[in-house]
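Residue-level structure breakdown
So the chains spell out like this:
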Amino acid sequence: MRRLALLCVFLLMLFAAPLWAQSGQQRAEAAGHSLIGTQAPRLTLKTIDGQTIDLANLYGKKAVYLKFWATWCVPCREQMPHLERTFEEAGPDLAVIAIDVGFDDSVEEVRKYQRAVGLGMPIVFDGDGSLGEAFHLRVTPQHVVIGRDGRILYIGHEANAKLDAALLAARSASSTAIAQVTTPPKDEPHYDVGDRVPGFSAKTLDGKAFPLLDAKRPTVLAFLSPWCESYLATSRPGLAQSCRAMREQVAAVSGDKRVRWLGVASGLWASREDLAKYRDEHHVGIPLTLDESGALFRRFRVTHVPTLLLIDAQGRIVRRLEDANQPLDEALKSLSSR
């Protein structure tokens, strides 16, 4: 009866979230709302140490706690003691797995941080963004709690009483047979240098459709994050400087009407309002689109900002630039001459 009462209390807390909750919590809950109560994806994870974790084998036996994080994320670091304590006290009925989001991060950075703070739980590197897609990742950290019955019970951002209640309720969830209703995310086509881009469109901030192909002019896709220059100025100053340098280079050369430009902003920790503020603050003149679900980042295998993809008038990707110190005007000369 006590566990049932705790579960009821948790559900009341979940659906009565106050409007004044922090924006990170709001974003996580809003993005994950449609997943609550659904069967969790039956995915196979590979840890950075080579261990294989089959989530499907855990459902029905254990509750599962997935924490999405990044080494550059300040609240992720602040919450690490909570994650480590949860792992150490998990017991046989809870699996705790840390998932680095793979955005502007590397396995080497993750290993370095793992050694520095002594993390003991399994760590997975989401290099292609597929795990983030499956669990509607929008912020870091993002907590996903899956009950013993294999259904998603909670998605949030803060390490607080609500998360702890979810972890307790997840262990108490029924361990009845798991319904086979959820399939893993579909494999998306990927496009690399040398590939021809299909004729799909992106919607810009002003609501217009931007076709990625134009038979008359080449196109440059500039992948960015509106918070790179400001948020990472302390935790990753070199990366923040790179984002600023690339933005300034793009501003200097994008007036050439022989080339089309589209800025593609990551939806991680960003909304349309955030992107509009970034545009106005820095007087960005090129069209911008918010890749809210991360589909364009995944299709073009972009896990780092800034990244530029140069596409010729025939729709073929001819070059990828990730080094802001490389002169952009020289790269554009070779593109416009094709």
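The structure under discussion appears in the preceding block.
The structure displayed is predicted, hence computed values, not measured ones. (Residues numbered from 1 in each chain as written. Predicted model: local features only at pLDDT ≥ 70, side-chain atom pairs only at ≥ 80, totals over all residues. Heavy atoms only, no water.)

1. Quick look at helix α5 (residues 107–117)
Definition in use: Only protein chains enter the area calculation, which uses a 1.4 Å probe; residues under 20% of their type maximum are buried, those over 50% are exposed, and those in between are partly exposed. Secondary structure follows DSSP: runs of H or I at least 4 residues long count as helices, runs of E at least 2 residues long count as strands, and numbering of each begins at the N terminus. By definition, the arc is the one covered by directions from the helix axis to the C-beta atoms. We call two residues in contact whenever any of their non-hydrogen atoms come within 4.5 Å of each other.
Buried residues of α5: Val110, Tyr113 and Gln114, and no others. Taken down its axis, α5 places every buried residue within 105° of arc, on the same side. Residues of α5 that are exposed and point more than 90 degrees away from the buried face comprise Glu108, Lys112, Arg115 and Ala116. Contact partners of the buried residues in α5: β3 (63–69), α4 (74–88), β4 (94–100) and β5 (123–125).

2. Observations regarding the sheet that holds strand β7 (residues 152–156)
Rules: When DSSP locates at least two bridges between a pair of strands, those strands are taken to pair. For helices, the fitted axis covers only the stretch in contact; all axes are lines through C-alpha atoms, and the angles between them, taken along N-to-C directions, range from 0 to 180 degrees.
Strand order in the open sheet formed by five strands is β5-β4-β3-β6-β7, and the pairing between neighbours is mixed. Edge positions in the open sheet fall to β5 and β7, since each of these has one partner strand only. The average angle at which neighbouring strand axes cross in this sheet is 20°, direction not considered. Here strand β6 (residues 142–146) pairs with β7 via four bridges, running antiparallel. For valine 145, the partnering residue across the bridge sits in β7 and is tyrosine 154. Along the sheet, α5 contacts β3, β4 and β5; its crossing angle with β5, the most-contacted strand, is approximately 160°.

3. A short note on the packing of aromatic side chains
Selection rule: Each aromatic pair joins two rings of Phe, Tyr and Trp (for Trp, the six-membered one) with centres within 6.5 Å, and gets the label stacked for planes under 30 degrees apart, edge-to-face for over 60, and tilted for any other angle. Here, a charge over a ring means that NZ of Lys or CZ of Arg falls within 6 Å of the ring centre while also lying within 35 degrees of the ring normal.
What the rule picks out here adds up to 11 aromatic pairs. Arranged with centres 5.6 Å apart and planes meeting at 45°, the rings of tryptophan 69 and tyrosine 113 form a pair that is tilted. Of this pair, tryptophan 69 sits in strand β3 while tyrosine 113 sits in helix α5; the two residues are 44 residues apart in sequence, bridging distant segments of the chain. With respect to burial, tryptophan 69 and tyrosine 113 carry one shared label: buried. Here the aromatic rings of phenylalanine 103 and phenylalanine 297 are separated by 6.1 Å at their centres, their planes lie at 55°, and the arrangement is tilted. On the criterion of sequence distance, the pair formed by phenylalanine 103 in the loop between β4 and α5 and phenylalanine 297 in helix α11 (residues 295–299) is long-range, its members being 194 residues apart. Here the two residues phenylalanine 103 and phenylalanine 297 agree in accessibility, since each one is buried. Here a set of aromatic residues connected by ring pairs shows up, and it is made of Trp72, Phe103, Tyr191, Phe200, Phe223, Trp227, Tyr231, Phe297 and Phe300. Sitting over the face of the ring of phenylalanine 200, arginine 299 holds its NZ or CZ atom 4.5 Å from the ring centroid.

4. Some details on the pattern of salt bridges
Operational definition: Salt-bridge detection follows one rule: a side-chain nitrogen of Lys or Arg within 4 Å of a carboxyl oxygen of Asp or Glu.
Tallying each qualifying case throughout the model produces 15 salt bridges. One salt bridge in this structure joins aspartate 214 and arginine 260, with 3.4 Å as the shortest N-O distance. Of this pair, aspartate 214 sits in the loop between β9 (209–211) and β10 (219–224) while arginine 260 sits in strand β11 (residues 260–266), and the two are 46 residues apart along the sequence. The partner of glutamate 330 in a salt bridge is lysine 333, and the shortest N-O contact between them spans 3.4 Å. Linking glutamate 330 with lysine 333, this pair stays in helix α12 (residues 328–336), spanning three residues, or about one helical turn. With a relative accessible area of 45%, glutamate 330 lands in the partly exposed category. Beyond isolated ion pairs, a larger network of salt bridges with shared partners links Asp105, Glu109 and Arg236.

5. A few points about unusual backbone geometry
In this structure, the amide linkage connecting threonine 140 to the following residue, proline 141, adopts the cis form with an omega of -10°. Relative to the helices and strands, proline 141 resides in the loop between α6 (130–134) and β6. Residue proline 306 is bonded to the preceding valine 305 through a cis peptide linkage, with omega at 0°. Following the sequence through the fold, proline 306 ends up in the loop between α11 and β13 (307–311). At tryptophan 269, a position not held by glycine, the phi torsion is positive, near 60°. Inspection of the secondary structure assignment puts tryptophan 269 in the loop between β11 and α10 (272–282). One non-glycine residue, histidine 283, lies in positive phi territory at about 55°. The exposure class of histidine 283 is exposed, given its relative accessible area of 69%.

The quantities given are spatial measurements derived from coordinates; they are silent on function.
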